[in-house]
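Summary of the model geometry
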Amino acid sequence: MVQFHQHIISELLEDPTGGLVILSGGLSLHKLISNLVYLHHSSQGTLLILSSYPSQKQSILNYSNSAGTLAPKISEITSDLPSHHRTSLYTSGEVIFVTSRILIVDLLSNRLKASEICGLIILNAHTLSETSTEAFIVRILRSGNSKLYVRAFSDNAQAMVSGFAKAEKILKCLFLRKVHLWPRFQVYVSQDLEKEPPEVVDVRVPMSGYMIGIQKAVIEVMDACLKEMRKTNKVDVEDLTVESGLFKSFDEIIRRQLDPIWHTLGKKTKQLVSDLKTLRKLLDYLVRYDAVTYLKYLDSLRASESFRSVWIFAESSFKIFEYAKKRVYYCKRLEDGKIVGQSKAAAPKKRKLQEKNKDKEDSLPENTNSKVVLEEVLEEAPKWKVFREILEEIKDERQKQALSTEEFVSDTEAIDNRTVLVACKDEHSCMQLEECITKGPHKALRDEWEKYLLSKVELQSLPKHDRKKKPQESQGIGVLDGTIRKTSGNNKDVSSISKQENDALLAAATELRKEVKKDDGTNSEIFEDKAEHQKGKKRRASRNIQTTSNVDDKNSDDATVNKKSEKHPSESRKRIDPKVIGGVHTSIDEGISADKVTIRKHVQGVDTEGTMLPPVHFYAIESDTHILDILKPSVIIVYHPDVDFVREIEIYKSENPSSKLKVYFLFYDESTEVQKFEASISRENAAFESLIRQKSMMMLPAYQEGSFSGFEPPMEPASTTSQNSITRKAGGRKTIEKEMQVIVDMREFMSNLPNVLHQKGMRIVPVTLEVGDYILSPLICVERKSIQDLFGSFASGRLYHQAEMMVRYYRMPVLLIEFSQDKSFSFQSAWDISEDVTPNSIISKLSLLALHFPRLRIVWSRSLHATAEIFASLKANQDEPDEAKALRVGVPSEDGIIEDDVRAENYNTSAVEFLRRLPGVTDSNYRALMDGCKSLSELATLPMERLAELMGGQKAAKILKDFIDAKYPRLL
């Protein structure tokens, strides 16, 4: 354990009520939690861990398992676990991972007593709010257990400063008074991590000319989009910078500012928000992926956003597509066997296409000997070459060390020293680098290029939809002038050149597809002709491989890895065996999980001289698994630098000061990659500085001082009018008020409304309801819909069935439409509402719903707190709901009878619905028909006179009788 972790734990143990810990990302939060859990004993009570991500939970479990049998037992409660098993776990005194939804239901159902819980550990505290379920849990447990401690943790300081006084609000909702800040620049943290630093090599790789051009063009387009956003005067100008646009948090900042007025924004502003997200991805993918993958992504953007996006029509956007294409291929004319224009490629491969259908192409030149040449460039990523040079350097250093030293080294240490870890951003980058080493950079790019060509053929074979309406021409939008800047040269041949390029690509793809099919056909014929011979050969080969691998297994572990890789070429694309990592046999007790650890291994590559490169293990940073303690690498190549992973390396070196570690950082020089890395550090430091200032000025309420004995949730004071009305009766004597009760469906605990209702003093009873979401009284049933859920329910037809069930079983069915507090209190802007009734309009659908169910009340709520006030007013002068009765509503008994069916008690409701849809049957006469006959079969045999008597007239009776007696048409 590092020293500053001990300081954090000692500070938390000093305060019996707990505290909020905010530390920098990458400082091994999972180890801190595991060491804190290690101090727990079952005699203290049960310790609950809330709000953990799956990766965090797995890391804590793996690290705790490595501690051995002395560590406390950690269990997990899921929705599949029966209630009586959950009750026994709550009383076991163990450490338990549980979701907030399951815990709050068990608390309200009295399956868990607050006195049985000794403490709570809440992860990702930056996601909490006053109305979150975690705050609901803490409030209930605090009221029943004054000795409970709550320890909340967060490693995202930037999220803690988003909004007004967010850290102070989180402290209030968790009833805490102390916040502990541990940034990277804290004294204890700096001393621990800088005591034994690893050897660092910073490699700056220059970008190619086309990459520089693409990056410059994307930044220009992004700056143009930001200027257009400033003109709207809807967003804070300070946030609209290119540096801010490099981070994912930029989208959240923009949306948070625009959400309240989102419905009033025009299409241009909404599209600009989406375009900024797309441009950020373009900058990120430029330095992450190869040239062919980048071109494929641009093609998908051109197809999906060609007429909607604003950035595509910007002044510099043509450079992005042009330079990306030139990194992969050129397409030039060939006249009389000579190429028109000099190619920049050193030794390009040429694919020729005889132009056809010349009568249809008016812009083609008159020369009949004109052809199109497709020159494949396939520009290699500059980092690939440097990456292989680093591997060769590592190989040379190890050879020199092996020759210079004569000391005895154990086998295990030798294998550990050979481990090279390569950290990439995602799994796709790991696969590309793996293929670059095993196949070579040109072969890897060649495979991607062939996949790209084959995808062109597949797209061409798909059916095309005819567009009757032509797309509107783009209009000028300020800096984005709406016109595509034309390249220099012959402007009249631009369209023909584009058409010829497409034809050349399709011809190359078709030729490649024919070659693939031909090879497959040849292989299948050979296999059919020599089936028996191949089977015998395979049997002999399998026996030979097995014998050879057994012999090699005795000699060396590396040979075993090589043999296995030869037998299973696709093994490198699978996750590692938990028992064999790079030839090192480890045990399951070390916390390695094949389902969780995302590492890629491959057979040793070959350098230019034909010698073997050192074995390499690839790791995807986005997988958020911690593998440094498992692999114990001697060399780490950070292919895509990440701040959190850099700090993980510092923690690993601080915990293993005697082991040698060399780290290579690969940056593209003068790229947004460097800018983003440096900006992320400065943004985090600024966030901690802001938190330090907030900590010095925090004001907490008085009821959070001292102990929590006799704690009562703060209730809202009664209004002046209600107090005056009370004083006029019996000298102001207070009347005994009964507790309001609300029956809530289990599924509603995904929302924050039960928490707000509990804050208002209502008793929450969680049950599984068949009809409705909230039962306020024996007569009132409420179906709650958020805006997003309302649109989805209309689209699926679920809302019609829910309204029908409420109308059937309750006297006062209510549809509650709840808006978010930070958004506008309207469905759509005024100019989006059309004069005509359209079936796709939400207003039209609501109108039809109200017409179809006249007794259905529609209630509009501005926020969660407004909903609580509405529920309180609806419950006035109403009886409290019965839990047992609410459970039986809509559920048939053993005899098939449904209780409390207001509309048709003890009737076959399906038959009633069928009856009401028959011709001549109306709302005024269907009840008389139900009383006059017992079934539909009896109705069909009634005479005309009886039908006229029951239906109140000859006309309606004749319509029904003619329909029943009509002959079924037969086909001759």
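Parameters at a glance
- All residue numbers refer to position in the chain's written sequence, counted from 1.
- Totals for whole chains, interfaces and linings use every residue, but because this is a predicted model, local features are given only for residues with pLDDT of at least 70 and side-chain atom pairs only at 80 or more, for both listing and counting.
- Working from all heavy atoms in the structure, the side-chain values ignore hydrogens and water.
- Each helix is a run of H or I in the DSSP string that is no shorter than four residues. Each strand is a run of E no shorter than two, and both are numbered from the N terminus.
- We call a residue buried when its accessible area falls under 20% of the maximum for its residue type, exposed when it is over 50%, and partly exposed in between, using a 1.4 Å probe and counting protein chains only.
- Should any heavy atoms of two residues lie within 4.5 Å, those residues are counted as being in contact.
- Note that accessible areas follow from Shrake-Rupley with a 1.4 Å probe, and for residues the cover is restricted to the protein chains shown.
- Here a salt bridge means any side-chain nitrogen of Lys or Arg lying within 4 Å of a carboxyl oxygen belonging to Asp or Glu.
- Paired strands, in this sense, are two strands between which DSSP finds at least two bridges.
- An axis is simply a line fitted to the C-alpha atoms; with a helix, the fit covers only the stretch in contact. Between two such axes, the angle follows the N-to-C directions and lies from 0 to 180 degrees.
- By nonpolar core is meant a set of buried Ala, Val, Leu, Ile, Met, Phe, Trp, Tyr and Cys residues that side-chain atoms within 4.5 Å join together.
- Regarding the arc, it is the one traced by the directions from the helix axis to the C-beta atoms.
- Think of a 1 Å grid over just the protein atoms. A cavity is a set of points where a 1.4 Å probe fits yet cannot get out, a pocket is an open set with protein on both sides within 12 Å along at least five of seven lines, and lining residues have an atom within 4 Å of a point.
- Grid points are joined across faces, edges and corners, and a volume is the space filled by probe spheres set on the points.
- Charged residues are taken to be Asp, Glu, Lys and Arg, nonpolar residues to be Ala, Val, Leu, Ile, Met, Phe, Trp, Tyr, Cys and Pro, and polar residues to be all remaining types, Gly included.
- Working convention for charge: Lys and Arg count positive, Asp and Glu count negative, and His plus the chain ends are omitted.
- Polar contacts here mean pairs of N or O atoms no more than 3.5 Å apart (in protein, one a potential hydrogen donor and the other a potential acceptor; neighbouring residues in sequence count only if both atoms are side-chain atoms).
- Here, patches come from residues exposed beyond 30% relative accessible area and free of salt bridges, joined within 9 Å for like charges and within 5 Å for nonpolar side chains (Val, Leu, Ile, Met, Phe, Trp, Tyr).
- Centres within 6.5 Å make a pair out of two Phe, Tyr or Trp rings, where for Trp the six-membered ring is used; the pair is then stacked when the planes are under 30 degrees apart, edge-to-face when over 60, and tilted otherwise.
- Two conditions define a charge located above a ring, namely a distance within 6 Å from the ring centre to NZ of Lys or CZ of Arg, and an angle within 35 degrees of the ring normal.

Some words on the overall build of the chain
Along the chain, the regular secondary structure elements total 36 helices and 25 strands. Split into buried and exposed, the 972 residues of the chain put 47% on the buried side. Considering only contacts in the chain between residues 6 or more positions apart, those separated by 24 or more positions represent 74%. Summed over all atoms, the accessible surface of the chain reaches about 52100 Å², with 51% contributed by carbon and sulfur.

Some details on the pattern of salt bridges
In total, this model carries 38 salt bridges according to the counting rule given. K31 serves as the salt-bridge partner of D629, at 2.8 Å between the closest nitrogen and oxygen. A residue pair is termed long-range when its members are at least 10 positions apart, and D629 in helix α22 (residues 628-631) and K31 in helix α2 (residues 29-38) qualify at 598 residues. Residue class for D629 comes out partly exposed when judged on its relative accessible area of 30%. Note that E673 and K383 form a salt bridge whose closest N and O atoms lie 3.0 Å from each other. One end of the pair, E673, is in helix α24 (residues 672-696); the other, K383, is in helix α15 (residues 382-404), with 290 residues separating them in the sequence. Comparing E673 with K383, the two get one shared label, buried. Among the charged side chains, a network of salt bridges with common partners joins E199, E393, E397 and K662.

Points about the sheet that holds strand β25 (residues 857-861)
Backbone hydrogen bonds hold the strands of a sheet together, and the pairing may be parallel or antiparallel. Taking strand neighbours across the sheet as the criterion, the six strands line up as β21-β20-β22-β23-β24-β25 in an open arrangement whose pairing is mixed. A single partner strand is all that each edge strand has here, and the edge strands are β21 (763-767) and β25. Relative to strand β22 (residues 774-775), strand β20 (residues 741-745) runs antiparallel, the two being bridged by two bridges. Following the sheet pairing, V744 is matched in β22 by Y774. In this fold helix α28 (residues 798-809) packs onto β23 (780-786) and β24 (812-818), with an angle of close to 165° to the strand it touches most, β23.

Here we look at the nonpolar core
W311, W449 and I637 are the most contacted members of the largest nonpolar core, which totals 73 residues. If one sorts the elements of this core by residue count, helix α10 (residues 209-231) sits on top with nine residues. Counting residues in each nonpolar core, the second largest holds 67 residues, with L148, L171, L176 and M698 among its members.

Topic: the environment of S42
Here S42 shows up in the loop between α2 and β2 (46-50). Here S42 falls in the partly exposed class, since its relative accessible area comes to 45%. Through-space distance from the C-alpha of S42 to that of S92 is 7.3 Å; in sequence the pair is 50 residues apart. For S42, the residues in contact, after removing those within four places along its chain, are S92 and G93.

Some remarks on helix α4 (residues 83-90)
Taken as a whole, α4 has its buried residues at R86, L89 and Y90. Take α4 and look down its axis: the buried residues cluster within an arc of 100°, on one side only.

Examining empty space enclosed by the protein
Scanning the model with the defined rule gives four cavities of 30 Å³ or more in all. Roughly 90 Å³ of internal volume is contained in the second largest cavity. S28, H30, K31, H626, I627, L628, D629, E648, I651 and Y652 together form the lining of the second largest cavity. Where the lining of the second largest cavity is concerned, the elements lending two or more residues are α2, α22 and α23 (643-655). Looking at which element gives the most residues to the lining of the second largest cavity, the answer is α23, with three residues. In terms of residue class, the lining of the second largest cavity is made up of four nonpolar, three polar and three charged.

With respect to the sheet that holds strand β7 (residues 179-182)
Taken in spatial order, the seven strands make up an open sheet running β3-β4-β2-β5-β6-β1-β7, and their pairing is parallel. What marks the edges here is a single partner per strand, and that holds for β3 (74-77) and β7. Between one strand axis and the next, the sheet turns by 20° as a mean value, whatever way the strands run. Here α24 sits on the sheet in contact with β1 (18-23) and β7, set at roughly 150° to β7.

Details of the side chain of E94
Among the secondary structure elements, E94 is positioned in the loop between α4 and β4 (95-98). Of the buried charged residues, E94 lacks a salt bridge, with K73 as the closest side chain of opposite charge at 4.1 Å. In terms of polar contacts, E94 uses its side chain to reach the side chain of S75, at 2.5 Å. Beyond its immediate sequence surroundings of up to four residues, E94 is in contact with H40, T46, L47, K73, S75 and L89.

Remarks on a nonpolar patch on the surface
A contiguous nonpolar surface patch, about 420 Å² in accessible area, is contributed by L13, Y38, L39 and L70. Tracing the backbone shows Y38 in helix α2.

Some points on the packing of aromatic side chains
A full pass over the atoms with the stated rule returns 14 aromatic pairs. Each ring, one from F387 and one from Y639, has its centre 6.1 Å from the other, and the planes form 85°; the classification is edge-to-face. Highlighted residues: F387 in helix α15 and Y639 in the loop between β18 (635-638) and α23, separated in sequence by 252 residues. An identical accessibility class is assigned to F387 and Y639; each is buried. In textbook terms, an aromatic cluster arises when at least three aromatic residues are bridged by ring pairs, as seen for Y285, Y289 and Y297. Positioned above the aromatic ring of F667, the side-chain terminus of R204 is 5.0 Å from the ring centre.

It is worth stressing that arrangement in space is one thing and function is another; only the former is reported here.
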